[in-house]
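Geometric and topological summary
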Amino acid sequence: MSISEGLVVGEDGQVRCAWHGNLPEYLRYHDEEWGHPVDNDIRLFEKICLEGFQSGLSWLTILRKRENFRAAFQGFDFRKLALEDGEKALEIHLQDAGIVRHRGKIASVYNNARRAVELVEEQGSLARYFWSHEPGEDERPKIMDWASLRAMASTPTSARISKDLKKRGWSFVGPTTVYAFMQAMGLVNDHVDGCVCRSRIDAARLAFERPR
């Protein structure tokens, strides 16, 4: 039962963002992952790669294939991926029906793995780099309603990160992809006002120790 635009009441009686459609795996992702602050470099690298694969598709499609992606790409350990022969691996991945078989996106994982190693050498960690770009309150809407959320497919911060990553040689990291990454990894809290998870994420972000 919908209660207002962008919100829905679940079978447990809790009000949540409506985008998960009450599908069990999507609901778990909404409740347990989306927006929780992350400082683990492997998870950050995995997410930005998967957001690249998601471009033009639904996140649910990628979520349902996530374990296949993890198996194919060494758990997204970018240090291991950076040492692989990307061209040889590409031909193997193109035969794997369990993932999205897009030549450019697959090649991007190996390219970005090498770029990630370089970035860690410079910045200390991926977490330190990405969290240094956490947007200030002046970039955030006063009220996070459904209209505000839909208007933020990208932001000035995601555009800056995208531009910087591209300068560093990363691929499939456009402003929209980067903003979806920021939403998922907790750099912003985009749970709609009224969602049961919004206050939980606010608390998690308040307690979260930013990488230095």
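Criteria and thresholds
Residues numbered from 1 in each chain as written. Predicted model: local features only at pLDDT ≥ 70, side-chain atom pairs only at ≥ 80, totals over all residues. Heavy atoms only, no water. Phe/Tyr/Trp six-rings, centres within 6.5 Å; stacked < 30°, edge-to-face > 60°. Lys NZ or Arg CZ within 6 Å of the ring centre and 35° of its normal. Helix = DSSP H or I, 4+ residues; strand = E, 2+ residues; numbered from the N terminus. Buried < 20%, exposed > 50% of the residue type's maximum accessible area, 1.4 Å probe, protein only. Contact = heavy atoms within 4.5 Å. 1 Å grid on protein atoms, 1.4 Å probe; cavity = no way out; pocket = protein on both sides within 12 Å on 5 of 7 lines; lining within 4 Å. Points joined across faces, edges and corners; volume = space filled by probe spheres on them. Nonpolar A, V, L, I, M, F, W, Y, C, P; charged D, E, K, R; others polar. Core = buried A, V, L, I, M, F, W, Y, C linked by side-chain atoms within 4.5 Å. Salt bridge = Lys/Arg side-chain N within 4 Å of Asp/Glu carboxyl O.

As annotated in an unreviewed UniProt entry, the protein is DNA-3-methyladenine glycosylase I from Aquamicrobium zhengzhouense.

**Some thoughts on the packing of aromatic side chains**
One pass over the structure, following the stated rule, counts 13 aromatic pairs. Ring geometry for F69 and F73: centres 6.5 Å apart, planes at 15°, overall stacked. Joined through ring pairs, the aromatic side chains of F53, F69, F73, F76 and Y110 make up one cluster. Its guanidinium or amino end placed over the ring of W59, K47 lies 3.2 Å from that ring's centre, counting from NZ or CZ.

**A closer look at unusual backbone geometry**
The backbone phi angle of F76 is positive, close to 60°, even though this residue is not glycine. Positionally, F76 belongs in the loop between helix 3 (59-72) and helix 4 (78-82). The backbone phi angle of F172 is positive, close to 55°, even though this residue is not glycine. Its location among the elements puts F172 in the loop between helix 9 (156-167) and helix 10 (175-185). F172 sits in the partly exposed class, given a relative accessible area of 35%.

**Points about the environment of T177**
Along the chain, the position of T177 falls in helix 10. The spatial distance from the C-alpha of T177 to the C-alpha of H36 is 18 Å, given a sequence separation of 141 residues. Setting aside residues no more than four positions away along its own chain, T177 makes contact with I48, E51, G52 and F172.

**What about the environment of V8?**
Note on placement: V8 falls in strand 2 (residues 7-9). Given a relative accessible area of 11%, V8 falls into the buried group. Along the primary structure V8 and H20 are separated by 12 residues, whereas in three dimensions their C-alpha atoms are 9.4 Å apart.

**Here's the deal with the layout of surface pockets**
Of the pockets and cavities examined, the largest pocket occupies roughly 560 Å³. W19, W34, W59, A180 and Q183 are, among the 22 residues lining the largest pocket, the residues nearest its centre. Put simply, the parts of the chain that give the lining of the largest pocket at least two residues each are helix 1 (24-32), helix 2 (41-54), helix 8 (146-150) and helix 10. If you tally residues by element for the lining of the largest pocket, the top one is helix 10, at six residues. Of the residues belonging to the lining of the largest pocket, the class tally is 13 nonpolar, six polar and three charged. The space that makes up the second largest pocket amounts to roughly 240 Å³. Looking at the second largest pocket, the residues that line it are P135, E137, R140, P141, L187, V188, N189, R198, D202, R205 and L206. Here the residues of the lining of the second largest pocket sort into five nonpolar, one polar and five charged.

**Things to note about the side chain of S162**
With respect to the helices, strands and loops of the structure, S162 is situated in helix 9. Filtering out sequence-adjacent residues up to four positions away, S162 remains in contact with V173, G174, P175 and V178.

**Digging into the nonpolar core**
F45, F69, F73, L126 and L165 are the most contacted members of the largest nonpolar core, which totals 60 residues. For this core, the leading source of residues is helix 6 (residues 103-123), giving seven residues. If sequence neighbours within four positions are ignored, F69 has contacts with L50, F53, I62, F76, I99 and V100.

**Concerning the pattern of salt bridges**
Scanning all chains against the criterion turns up 17 salt bridges. Here K47 makes a salt bridge to E51, at a shortest N to O gap of 2.9 Å. Here E51 and K47 lie together in helix 2, a separation of four residues that amounts to about one turn. Of the residues examined, E51 reaches a relative accessible area of 4% and is grouped as buried. For the salt bridge of D190 with R140, the shortest nitrogen-to-oxygen distance reads 2.4 Å. One end of the pair, D190, is in the loop between helix 10 and helix 11 (196-207); the other, R140, is in the loop between helix 7 (126-131) and helix 8, with 50 residues separating them in the sequence.

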